[in-house]
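Now for the letters of each chain:
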Amino acid sequence: MISIAIDGPSGAGKSTISRTVAGKLGYLYVDTGALYRTIGLYVLRNGSDPKNEQQVEALLPKLRINMGYQDGVQQMFLQGENVTDQIRTPEVSMAASGVSAHSCVRTYLLDLQRRLARENNVIMDGRDIGTVVLPDADVKIFLTASSAVRAKRRFDELIAKGQDITYEKVLEDVEKRDYADSHRAISPLKQAEDAVVADTSRMDFEESVALIQKIIADHLKK
Ligand code: DC
């Protein structure tokens, strides 16, 4: 089985680019951020604090998290309910960042992610895929863009979804989340030594997809 790890900060376009490339290659696309988001939503729904490890750990035994695919789009199920749309709010983004700092959550999700890669050709995107989850991935890419560009993209996405938000608030959230994701003690966001860096700040979507396809093709040839 072939595994391609794509890591990078939030809003770099990882999910849309990875999903498109996976579609072209016929690989399974796994958005691991959605797993952390689903746990974040679960913790919020239970009235607990995502940053409080004890509270989060106490909730894990009753958690039922499942993934499925509908027309090639990953769907997340929480306690049997499809929460694919509900996990995309700014509130859940912050909760996901909070829960992702706890080792109990990371361990909980590790087996699930590794099993998917054992059983399928995958493009898996996240923060620690090339460093921790799939250290032996065939290709590792660190996909990034400047925080201003990433905030602008996320802002446009949220406005298109009808959310009431300002660019300044989105930029602040992006920078806060970058800081938290790269400074946490466990599995921080960091480039694997053997990862290829792809900076999409000055690229449009098609150019970014072409770049990622080229990196993958060049590496798989070797
Ligand atoms: O990629 P995303 O924005 O959907 O990720 C949501 C949060 O989950 C983000 O704050 C970082 C965290 N995350 C992580 O810690 N490890 C991963 N492999 C994927 C996401």
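All of the points below concern the structure found in this document.

What counts as what
- Residues numbered from 1 in each chain as written.
- Predicted model: local features only at pLDDT ≥ 70, side-chain atom pairs only at ≥ 80, totals over all residues.
- Heavy atoms only, no water.
- Pairing = 2+ DSSP bridges.
- Helix = DSSP H or I, 4+ residues; strand = E, 2+ residues; numbered from the N terminus.
- Axes fitted to C-alpha atoms, helices over the stretch in contact; angles between N-to-C directions.
- Contact = heavy atoms within 4.5 Å.
- Buried < 20%, exposed > 50% of the residue type's maximum accessible area, 1.4 Å probe, protein only.
- Near = heavy atom within 4 Å.
- Polar contact = N/O pair within 3.5 Å; in protein donor to acceptor, adjacent residues only side chain to side chain.
- Areas by Shrake-Rupley, 256 points an atom, 1.4 Å probe, with all protein chains shown as cover.
- Nonpolar A, V, L, I, M, F, W, Y, C, P; charged D, E, K, R; others polar.

The subject of this paragraph is the sheet that holds strand β8 (residues 196-199). One key point about sheets: their strands pair by backbone hydrogen bonds, in either a parallel or an antiparallel sense. Within the open sheet, the five strands sit side by side as β2-β6-β1-β7-β8. Their pairing is parallel. Both outer strands of the open sheet, β2 (28-31) and β8, are each paired with one neighbouring strand and no more. Pairwise comparison of adjacent strand axes, ignoring direction, gives a mean angle of 20 degrees for this sheet. In the sheet, strand β7 (residues 139-144) pairs with β8 via four bridges, with the strands oriented parallel. Its bridge partner lying in β8, Phe142 is registered against Val197. Contacts between helix α1 (residues 14-25) and the sheet are confined to β1 (3-7), β2, β6 (122-126) and β7, with β6 contributing the most and set at about 175 degrees to the helix.

Right, let's talk about unusual backbone geometry for a bit. The backbone phi angle of Asp71 is positive, close to 50 degrees, even though this residue is not glycine. Its place among the elements puts Asp71 in the loop between β3 (65-70) and β4 (73-78). Since its relative accessible area comes to 78%, Asp71 is described here as exposed. In this structure, Ser187 is a non-glycine residue whose phi angle is positive, near 45 degrees. Within the secondary structure layout, Ser187 lies in the loop between α8 (167-183) and β8. Accessibility expressed as a relative area gives 13% for Ser187, which makes it buried.

Moving on to the sheet that holds strand β5 (residues 81-82). Spatially, the three strands line up as an open sheet ordered β3-β4-β5, and their pairing is antiparallel. Looking at the sheet topology across the chains shown, the edges are occupied by β3 and β5. Against the sheet, helix α2 (residues 33-45) engages β3, β4 and β5, with an angle of about 25 degrees to β4.

We now examine the site of the ligand. Surveying the vicinity of the ligand reveals 17 residues, the closest of which are Thr32, Arg37, Arg106, Arg127 and Arg184. In this structure, an oxygen atom belonging to the ligand sits 2.9 Å away from a side-chain N or O atom of Arg106. Compared with its free state, where it exposes 450 Å², the ligand has 97% of that area covered by protein. Going through the elements one at a time, α2, α4 (90-99) and α8 are the ones with two or more residues in the shell around the ligand. Looking at the shell around the ligand residue by residue, the classes come out as three nonpolar, six polar and eight charged.

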